[in-house]
Number of protein chains: 2
Amino acid sequence: MKKFSAGLKKGTTRKKVCTIGGGTGTFTVLSGLKKYPVDLSAVVTVADSGGSTGRLRDEFGYLPVGDFRMALAALANENGDGNILRDLFLYRFEKGEGLTGHNFGNLLLVAMTDLFGSEVAAIERASKVLRVEGRVVPVSDHNVQLVAEYANGKKVVGETSIDEPPEGHDGAMRIAKLSLKPRARIHESARQAIEEADILILGPGDLYTSTIANLVVGGVREAIAHSRAQLVFVMNLMTKYGQTAGFGAREHVDEIARYAGKIPDYVIVNNEPLPENVSKRYEKERDFPVKDDLMDFTSAVVRAPLLSSEIIATKKGDTVRRSLIRHDSDKLAREIMGLL
Amino acid sequence: MKKFSAGLKKGTTRKKVCTIGGGTGTFTVLSGLKKYPVDLSAVVTVADSGGSTGRLRDEFGYLPVGDFRMALAALANENGDGNILRDLFLYRFEKGEGLTGHNFGNLLLVAMTDLFGSEVAAIERASKVLRVEGRVVPVSDHNVQLVAEYANGKKVVGETSIDEPPEGHDGAMRIAKLSLKPRARIHESARQAIEEADILILGPGDLYTSTIANLVVGGVREAIAHSRAQLVFVMNLMTKYGQTAGFGAREHVDEIARYAGKIPDYVIVNNEPLPENVSKRYEKERDFPVKDDLMDFTSAVVRAPLLSSEIIATKKGDTVRRSLIRHDSDKLAREIMGLL
């Protein structure tokens, strides 16, 4: 942080950094980036259909709130009131009929959507009370489901079903085409954030259900094409059975390029080996570290040790499979800022 | 408010006003009083066992949060963030399996109790984020149930069951004795608020389940006895079948005196007749305006038109019977301030 501040000339307008994603990947990137004096926007997927978010989505008919929650919590001011509300926002009920598994932040966003008339209004008010540093915008305000068409022609509808393939589905099968049902258009504020950015960050996160889920929204490719931003892709640490089984780094990048309509200018790759006990636990889920096969890749590849020292415990009430190991938000942010 | 401010000498320490109660009655009193430059404390009942509060109480084992919610919302700053959070705090879910009927504020207090370790800590943090002007304290931190012993010796346990007498129970029968099970001791902060007050306000509110429910906590009578405060009782507008059927004003005051161990110094009584359509609706519930039979009463009786012009609509998801007409908070506060 010091290094960067020293390099920033007085009176220089803040650089515009825009993330495109969802879930814990975006949470990690934003948590690190918010410590720098940049103008942050988080464009967030609206395709989630599982867990607490999925239940609320079904019952209230609003856009899925879980990815908004994560981005808002990441950007919440951690001093004073912001901190109390941030802890609360991330709290999950582990008791109570009908409450168990619900994230408090999700309930807050649903209540605010009802009270203030729209998801965008809810995000604005929540940003205010959480003292959010930056802006969180839905990639679209259309209520859509993800559709994955696999190599064998089979289609699966819904983010959760793609994320956690149903019984009998071969989790190693490739997703030939990801799309939305019905079609969705980019939200104006998302278009603006992407077009005006100096740097665009894709990933980390589930390749199809968190990252590409944004790129298949109508107008996102075009906004990326119109933007003069450097396109940065943060490589996932692990493959994910059901989405990216057997993928090397290159295949990840190729899929991003295919859906974004542009080859990333930079790819940030972790080069630190996983602790053995963690690897073992992943192996049981048929997930493996992503192999770095980007030696001949034409864009710039940034390699650095990026692992968080913290191992994520699975919590009671978890209905969603979570990653055990994550990027370290500070180390990752430092590499991103180095590209600006 | 102007009148009062004009009468307040510069440098004078603020008068200490302490309410003892719960529910919408306390909400009304506090909403009016907070507009004056006084030091406000709300001592709040912990006997509620119905509705959203009752469900949460059963499922989480915490103190009932509904009365805290009402008092906190009443005292929340209505400007800026406070206002957003106040609206949210009072929001009630009308959809969602297991969510319908829950007040958002209740969920917030339950989540905070879990996060911060105690109900008192939760109230403190909630007060902070709501920018509460004043202090909300539980009358006790013991987890208790109300017990009503009726004239025929029959006992009913639990606030809701007393409030809404079960089938076959004669709602006109007198409550011979109200007590708690198990016994409870006054919370230190409640004792302090009562003992240091310049004026203590009891009522309006359900005579037994909201007001006297506080007086039966061990140490409350003693705190009132030790306090040099004037004791003010705000007379209810209506009798309530199941609690005060057939009660005149005098019988209300006698019951208060019996449980408080002190005859109120002042009784504030509404002298404005109810709109006929409202009376009619109350009659169906066997509830009637409280007759003012305090002509020979030795304490001071303050009579004023105190009705709110707003008629309360019953909302979807209501599991609790609510009053249709209430005191006007500004008019009531003006009369209370006139006694200081």
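It should be noted that the structure appears before, not after, this text.
Residues numbered from 1 in each chain as written. Chains lettered and ligands numbered in written order. Predicted model: local features only at pLDDT ≥ 70, side-chain atom pairs only at ≥ 80, totals over all residues. Heavy atoms only, no water.

Remarks on the overall build of chain A
So, step 1. Regarding its fold elements, chain A presents 14 helices and 12 strands.
So, step 2. Here the C-alpha atoms of chain A give a radius of gyration of 19 Å, agreeing with the 20 Å that 2.2 N^0.38 yields for 340 residues.
So, step 3. Along the first, second and third principal axes, the C-alpha atoms of chain A reach 55 × 55 × 40 Å.
So, step 4. The buried share among the 340 residues of chain A stands at 59%.
So, step 5. Counted over contacts in chain A with a minimum sequence separation of 6, partners at least 24 positions apart contribute 76%.
So, step 6. Looking at chain A as shown, the accessible area adds up to about 14,100 Å², and 47% of this sits on carbon and sulfur atoms. (Helix = DSSP H or I, 4+ residues; strand = E, 2+ residues; numbered from the N terminus. Rg over C-alpha atoms; globule rule 2.2 N^0.38 Å. Buried < 20%, exposed > 50% of the residue type's maximum accessible area, 1.4 Å probe, protein only. Contact = heavy atoms within 4.5 Å. Areas by Shrake-Rupley, 256 points an atom, 1.4 Å probe, with all protein chains shown as cover.)

Quick look at the sheet that holds strand β1 (residues 16–21) of chain A
Sheet strands pair via backbone hydrogen bonds, and the direction of the pair is either parallel or antiparallel.
Residues and elements named next belong to chain A.
So, step 1. Strand order in this open sheet of seven strands is β3-β2-β1-β7-β8-β9-β10, and the pairing throughout is parallel. Because the sheet does not close on itself, it has two edges, and the strands there are β3 (135–138) and β10 (300–304). Pairwise comparison of adjacent strand axes, ignoring direction, gives a mean angle of 20° for this sheet.
So, step 2. The pairing of β1 with strand β2 (residues 39–44) spans six bridges and is parallel. Residue pairing in the sheet places G21 in a bridge with V44 of β2.
So, step 3. Seen against the sheet, helix α9 (residues 188–196) touches β1, β2, β3 and β7 (199–202) and runs at an angle of roughly 120° to β3. (Pairing = 2+ DSSP bridges. Axes fitted to C-alpha atoms, helices over the stretch in contact; angles between N-to-C directions.)

As for the interface of chain B and chain A
So, step 1. The partner chain A presents 30 residues to the 30 residues of chain B that form the contact.
So, step 2. Between chain B and chain A, a total of about 2,800 Å² is buried, with carbon and sulfur atoms accounting for 71% of that surface.
So, step 3. In this assembly, chain B and chain A are joined by zero salt bridges.
So, step 4. Between chain B and chain A we count four residue pairs in polar contact (both at pLDDT 80 or more) in total.
So, step 5. Among the elements of the structure, α3 (51–60), α5 (80–89), α6 (104–116) and α7 (119–129) of chain B are those that each provide at least two residues to the side of chain B that touches chain A.
So, step 6. With nine residues, the single largest contributor to the side of chain B that touches chain A is α6 of chain B.
So, step 7. Looking at side-chain class alone, the side of chain B that touches chain A contains 17 nonpolar, four polar and nine charged residues. (Buried area = accessible area lost by both parts, 1.4 Å probe. Salt bridge = Lys/Arg side-chain N within 4 Å of Asp/Glu carboxyl O. Polar contact = N/O pair within 3.5 Å; in protein donor to acceptor, adjacent residues only side chain to side chain. Nonpolar A, V, L, I, M, F, W, Y, C, P; charged D, E, K, R; others polar.)

Describing the packing of aromatic side chains
Residues and elements named next belong to chain A.
So, step 1. Applying the stated criterion across every chain, the model contains nine aromatic pairs over all chains.
So, step 2. Ring geometry for F93 versus F104: centroids 6.4 Å apart, planes at 50°, classification tilted. Residue F93 is found in the loop between α5 (80–89) and α6 (104–116), and its partner F104 is found in helix α6; the two are separated by 11 residues along the sequence.
So, step 3. Given the relative accessible area of 0%, F93 is considered buried. (Phe/Tyr/Trp six-rings, centres within 6.5 Å; stacked < 30°, edge-to-face > 60°.)

Brief notes about the nonpolar core
So, step 1. Formed by 218 residues in total, the largest nonpolar core has its most connected members in F93, F104 and I194 of chain A together with F93, F104 and I194 of chain B.
So, step 2. Other than its neighbours up to four places away in sequence, F93 of chain A contacts L99, T100, G101, H102, F104 and L107 of chain A together with F60, L107, V110 and A111 of chain B. (Core = buried A, V, L, I, M, F, W, Y, C linked by side-chain atoms within 4.5 Å.)

Thoughts on the sheet that holds strand β6 (residues 175–181) of chain B
All names here are of chain B.
So, step 1. Spatial ordering of the open sheet is given by β5-β4-β6, a layout of three strands whose pairing is antiparallel. Unpaired on one side and paired on the other, β5 (155–157) and β6 mark the two borders of the sheet. Within this sheet the neighbouring strands show an average axis-to-axis angle of 20°, counted without direction.
So, step 2. Bridging between strand β4 (residues 145–150) and β5 involves three bridges; their strand directions are antiparallel. In the sheet register, V147 faces β5, and the bridge partner there is V157.
So, step 3. The strands touched by helix α10 (residues 207–215) within the sheet are β4 and β6, with β6 carrying the most contacts at an inclination of about 60°.

So, unusual backbone geometry
So, step 1. Each neighbour pair has its own omega, and for K181 of chain A with P182 of chain A the value is -10°, a cis peptide bond.
So, step 2. Mapped onto the elements, P182 of chain A comes out in the loop between β6 (175–181) and α9.
So, step 3. Here the phi dihedral of R131 of chain B falls at roughly 50°; this positive angle occurs in a residue that is not glycine.
So, step 4. Mapped onto the fold, R131 of chain B is located in the loop between α7 and β3 (135–138).
So, step 5. Looking at R131 of chain B, the relative accessible area reads 31%, which means it is partly exposed.
So, step 6. The phi dihedral of R286 of chain B is positive, around 65°, even though this residue is not glycine.
So, step 7. Structurally, R286 of chain B can be placed in the loop between α13 (276–284) and β10 (300–304).
So, step 8. Judged by its relative accessible area of 47%, R286 of chain B is partly exposed.

Focus on the relation of the copies chain B and chain A
So, step 1. Expressed as a screw transformation, the operator carrying chain B onto chain A has a rotation angle of 180° and an axial translation of 0.0 Å, and the superposed copies differ by an RMSD of 0.0 Å. Here the symmetry operator amounts to a two-fold rotation axis. No C-alpha of chain B lies nearer the rotation axis than that of G98 of chain B, which sits 1.9 Å from it.
So, step 2. Most of the interface of chain B is mirrored in chain A, where 100% of its interface residues are also at the interface. (Least-squares fit on C-alpha atoms with pLDDT ≥ 70 in both.)

What to know about the packing of helix α2 (residues 23–33) of chain B against helix α14 (residues 329–337) of chain B
Residue and element names in this part refer to chain B.
So, step 1. Interaxial distance between α2 and α14 falls to 8 Å at its minimum, and their mutual angle equals 70°. Comparing their axes, α14 and α2 come out roughly perpendicular. Contacts between α2 and α14 involve T28, V29, S31, G32 and L33 from the first element and S329, D330, L332, A333, I336 and M337 from the second.
So, step 2. Among the residues forming the contact of α2 with α14, the class breakdown is six nonpolar, four polar and one charged. (Parallel < 35°, antiparallel > 145°, perpendicular 65-115°, else oblique.)

Some details on the pattern of salt bridges
All names here are of chain A.
So, step 1. What the rule picks out here adds up to 28 salt bridges over all chains.
So, step 2. For the salt bridge of E78 with R86, the shortest nitrogen-to-oxygen distance reads 4.0 Å.
So, step 3. Classification of R86 as buried rests on a relative accessible area of 12%.
So, step 4. Sharing partners across several salt bridges, the network here consists of K34, E78 and R86.

A closer look at the environment of M337 of chain B
So, step 1. Along the polypeptide, M337 of chain B turns up in helix α14.
So, step 2. When the C-alpha atoms of M337 of chain B and I199 of chain B are compared, they prove to be 9.5 Å apart, with 138 residues separating the residues in sequence.

Things to note about the environment of S308 of chain B
All names here are of chain B.
So, step 1. Counting through the fold element by element, S308 comes out in strand β11 (residues 307–311).
So, step 2. With residues near it in sequence (within four places) discarded, S308 still touches I325, R326, H327 and D328.
So, step 3. A distance of 3.0 Å separates the side chain of S308 from the backbone nitrogen of E310, its partner in a polar contact.

Quick word on helix α3 (residues 51–60) of chain A
So, step 1. Taken residue by residue, α3 of chain A has S52, T53, G54, L56, R57 and F60 of chain A as its buried positions.
So, step 2. Looking one or two residues beyond α3 of chain A, the residue adopting positive phi is G61 of chain A, at roughly 75°.

Describing a positive patch on the surface
So, step 1. A contiguous patch of positive charge on the surface is contributed by K155, K177, K181 and R183 of chain A.
So, step 2. Assignment of secondary structure puts K177 of chain A in strand β6. (Patch = residues over 30% accessible without salt bridge, like charges linked within 9 Å, V, L, I, M, F, W, Y side chains within 5 Å. Lys, Arg positive; Asp, Glu negative; His and termini not counted. Charge placed at Lys NZ, Arg CZ, Asp CG, Glu CD.)

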